[in-house]
Amino acid sequence: MTHITQKLIQFITLAMLMIAPLILTSCKTPVPPVLVSTPIGASIPIQVADIDFFNDHDPQAIEPYIDHLYYPTLSDMLMTWGTATLIPSDANGNLLMTIAKADLRELDIASNDDLKSLFTNEQRKLIIADLEAVFSFTHPVENRTASIVVKSSYQNTIADYTTPAESERIRQFVMTEAIARFDGEFRRQIADISASQDWPV
C-alpha cells in the first residue's frame, strides 16, 4: 500500500467519524413539544340573581378559520367556562355574558412572507385562538351597573416533522389555553372593578 493510499484512507476514516454524529442526530425521532397548561381557577360567586349567556360569535367557514371544524367549538368551550365558573349569589340583579369572538385560525407559515421572518424553517403551521366577550352587570340596589370587555389570545406552531395526531393535540391545546388565559384576564378585571364598589363580586 502506497503512502498516498494510506493518507487517503486516513482522510476518509476521519471524515466518516466527523459526520457520523450528524447522521445519527438526523435519524433520531423528533421529540414532541412540551405543552404546559395554565390552570383555571375555582368558580366565582357573582352578586346577581340571574346570569344569561348569549353567543353572538359569527363563525367564518373559510380559510384560515377552522373553529367550525371542531365540536365543541371554541365558542362552545367559552360558554361552558361561563356556566361552570360564574355562579349567581344574590336575590337580585343580572349578568349578561355575550360572546363576541371565538376564532380559531390555522396559517401556512411558508406561504406568508410576514410570518416566515418570525419563525424557523422547521415551523409549518401557526395556530391562533382569539376570544372576546362582553360582561354587563346590573343590580336594582342603587341602580348599580358595570361592564367589562375581556379578550384573550394564544398561539402555537406545528413543525414539519409533527405527526397528524400530535398536530391535533397542539390545536386542541391552543383552544384550551386560550380559555385559560381568558379566565385569568376575567379574574383580573372583575377584581379591579369590584375593589372600588364592593360589587359585583
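Counting from 1, residues in each chain are numbered in the order their sequence is written. Owing to the predicted nature of the model, reporting of local features is limited to residues with pLDDT of at least 70; listing and counting of side-chain atom pairs is limited to 80 or more, with chain, interface and lining totals taken over all residues. Water and hydrogen atoms play no part in the side-chain values, which are based on all heavy atoms of the structure.

Chemist: Explain the overall build of the protein chain here, please?
Modeler: Broken down by element type, the protein chain carries four helices and six strands. A run of DSSP states H or I qualifies as a helix once it reaches four residues; a run of E qualifies as a strand once it reaches two. Both are numbered from the N-terminal end. Counting helices and strands in the order they occur from the N terminus, the protein chain gives α-β-β-α-β-β-α-β-β-α. The classification of residues rests on relative accessible area computed with a 1.4 Å probe and restricted to protein chains. Under 20% of the type maximum is buried, over 50% is exposed, and intermediate values are partly exposed. Counting only residues that meet the buried cut, the protein chain has 37% of its 201 residues in that class. Note on areas: Shrake-Rupley, 1.4 Å probe, and residue coverage restricted to the protein chains presented here. Here the protein chain has roughly 11,900 Å² of accessible surface; of this, 58% comes from carbon and sulfur atoms.

Chemist: I keep staring at the pairing of strand S5 (residues 123–139) and nothing clicks. Help me out?
Modeler: Where burial is concerned, most of S5 is hidden: 13 out of the 17 residues are buried. At least two DSSP bridges between two strands are needed for those strands to be called paired. Across 14 bridges, the pairing between strand S4 (residues 94–108) and S5 is antiparallel. By the bridge assignment for S5, Asp103 is matched with Asp130. Relative to strand S6 (residues 144–159), S5 runs antiparallel, the two being bridged by 16 bridges. Within S6, the position partnered with Ala129 by the bridge is Tyr154.

Chemist: It is not clear to me how the pattern of salt bridges should be interpreted in this structure. Could you clarify?
Modeler: Side chains carrying opposite charge are able to pair once their charged atoms draw close together. For this document, the term salt bridge refers to a Lys or Arg side-chain nitrogen within 4 Å of an Asp or Glu carboxyl oxygen. Scanning all chains against the criterion turns up nine salt bridges. Measuring nitrogen to oxygen at the nearest pair gives 3.8 Å for the salt bridge that ties Asp160 to Arg124. On the criterion of sequence distance, the pair formed by Asp160 in the loop between S6 and helix H4 (164–197) and Arg124 in strand S5 is long-range, its members being 36 residues apart. A residue is classified by how much of its surface remains accessible, and Asp160, at 45% relative accessible area, is partly exposed. On the basis of relative accessibility, which here comes to 28%, the residue Arg124 falls in the partly exposed class. Each of Glu106, Glu168 and Arg171 takes part in one network of salt bridges that share partners.

Chemist: Could you clarify how one ought to interpret the pairing of S4 in this entry?
Modeler: Moving residue by residue along a regular strand, the side chains alternate between the two faces of the sheet. Bridge count for strand S2 (residues 50–55) against S4 is six bridges, and the pairing is parallel. Its bridge partner lying in S4, Asp52 is registered against Leu96.

Chemist: Would you mind showing me how to read the environment of Val134 here?
Modeler: Mapped onto the elements, Val134 comes out in strand S5. Residue classification places Val134 among the partly exposed residues on the basis of a relative accessible area of 26%. Only heavy atoms matter for contacts: two residues are in contact if any of them lie within 4.5 Å across the pair. Setting aside residues no more than four positions away along its own chain, Val134 makes contact with Leu96, Met97, Thr98, Ser147, Ile148 and Val149.

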